[in-house]
Amino acid sequence: MAYPMDLLLRTFGALCSPAGAGARLSILIYHRVLPAVDPLTPDVVDAARFESQMRLLSCLFNLLPLSEAVSRLNSGTLPARAACVTFDDGYADNAEVAFPILKKHGIPATFFIATGYLNGGIMFNDKVIETVRRISSEEMEFPGIGVFRLSDMQSKRDVIRQLLTFLKYRSVSERQDFMNRIIDSEKIALPNDLMMRSDQVRMLAGEGMGIGGHTINHPILSGLDLESAREEIAGGRTALEEMTGSPVRTFAYPNGIPGRDYRVEHARLVAEMGFEAAVTTAKGVARQGSDVFQLPRFTPWDIPISRFSIRLAGNLLQSKILTA
Ligand SMILES: [Zn+2]
């Protein structure tokens, strides 16, 4: 911790994020942490990059479990430069790759888990990525999108982007049918070990990590009626509580963009259901008086370490300007 740049950032961070009633809470969001860089998804953070980010973060910030941070945010007793680390979805690499790094650096984290994919399931984005990875044809027609080359990594990356854009807001059955036709025609066997098993969720909980709800099937809540949204949220919570034997008090909205992926009535629903806090994917930092059922988060996993601290500082500075 003797690097001048780190000292500068710490001082800057303390100015923008003091202790007490004027405190700011930065919440980081991760998804996968791969053992090594994957050329098909080069922006996804790998173990080495994650470790550099965690080392830097633990030097610059006071890292707290999310539930403690939220209660201290409410009571105006947060430390200066307060931050939390969170993971969405429940990837097995969170337990296998990220957790040992978190443990080594003494960093608490919260894992928001969509329970319907545990024990062998695959989420839709991964179905697309893993299908395209395994297509052996050099060229293929995707109905409604066009004919694409698949002969090298760059063209496979382009196809993944096009498919995800084309399918993102279609109905669940429409997009599953679309992908299943490709999977059947190419005779593709998808992996069944991308998401955690129940015993990995239990291990994280037993190690003192936070476990939060993220629904069962990861639907876009704004596309459901309110009763179905309640069933998704309650069902995910019950499954996690049965798995870990501990109450689940925090929640993350699937996709998480306010007004698009969930609405105010969903935030009200989560509060009524007895959760203590919920996190979104809106950018920014929280401060005393922020809606604890719509806490913003910061996405650092797609950038190299050189820009990581600058973006962390920029996130704090932006909130200082906006809220000054
Ligand atoms: Zn998610």
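What counts, and at which threshold
- Residues numbered from 1 in each chain as written.
- Predicted model: local features only at pLDDT ≥ 70, side-chain atom pairs only at ≥ 80, totals over all residues.
- Pairing = 2+ DSSP bridges.
- Helix = DSSP H or I, 4+ residues; strand = E, 2+ residues; numbered from the N terminus.
- Axes fitted to C-alpha atoms, helices over the stretch in contact; angles between N-to-C directions.
- Parallel < 35°, antiparallel > 145°, perpendicular 65-115°, else oblique.
- Left-handed = near helix turned anticlockwise from the far one by under 90°.
- Contact = placed C-beta atoms within 7 Å.
- Nonpolar A, V, L, I, M, F, W, Y, C, P; charged D, E, K, R; others polar.
- Buried ≥ 20, exposed ≤ 12 C-beta atoms within 10 Å, placed from the backbone.
- Arc of directions from axis to C-beta.

**What to know about the pairing of strand E6 (residues 146-149)**
Now for step 1: Relative to E6, strand E5 (residues 139-142) runs antiparallel, the two being bridged by four bridges. Bridged to Phe142 within E6 is Gly146.
Now for step 2: Here E5 folds back onto E6, and the loop between the two strands holds three residues, one of which, Gly144, carries a positive phi near 90 degrees.

**Quick notes on the packing of helix H4 (residues 92-104) against helix H8 (residues 198-206)**
Helices that pack against each other are described as a pair by the angle of their axes relative to one another and the distance between those axes.
Now for step 1: It is the contact of H4 with H8, at a shortest axis distance of 9 Å, that shows an interaxial angle of 45 degrees. Put simply, H4 runs oblique to H8. H8 is crossed by H4, and the crossing has left-handed handedness. Along its contact with H4, which presents Ala92, Ala95 and Phe99, the element H8 presents Gln200, Met203 and Leu204.
Now for step 2: Of the residues in the contact of H4 with H8, the class split is five nonpolar, one polar and no charged.

**Considering helix H3 (residues 66-75)**
Now for step 1: Every buried residue of H3 is accounted for by Leu66, Ala69, Val70 and Leu73. All buried residues of H3 project into a common sector of 100 degrees when viewed along the axis, lining one side.
Now for step 2: One or two steps after H3, the chain reaches Gly76, where phi turns positive at roughly 70 degrees.

**Side note on the packing of helix H5 (residues 124-134) against helix H6 (residues 153-167)**
Now for step 1: Put simply, H5 and H6 touch, their axes get as near as 10 Å, and they point 150 degrees apart. Considering how the two elements wind past one another, H5 and H6 form a crossing that is right-handed. Contacts between H5 and H6 involve Asn125, Val128, Ile129, Val132 and Arg133 from the first element and Lys156, Val159, Ile160, Leu163 and Leu164 from the second.

**Remarks on the pairing of strand E3 (residues 82-89)**
Now for step 1: Counting buried residues in E3 gives eight out of eight residues, a clear majority hidden from the surface.
Now for step 2: Pairing of strand E1 (residues 24-30) with E3, which is carried by six bridges, proceeds in the parallel orientation. Directly across from Ser26, in E3, lies its bridge partner Ala83.
Now for step 3: Relative to E3, strand E2 (residues 62-63) is paired through two bridges, and the arrangement is parallel. In the strand pairing of E3, Leu63 is matched with Ala83.
Now for step 4: Sheet topology note: the E3/strand E4 (residues 109-113) ladder contains five bridges and is parallel.

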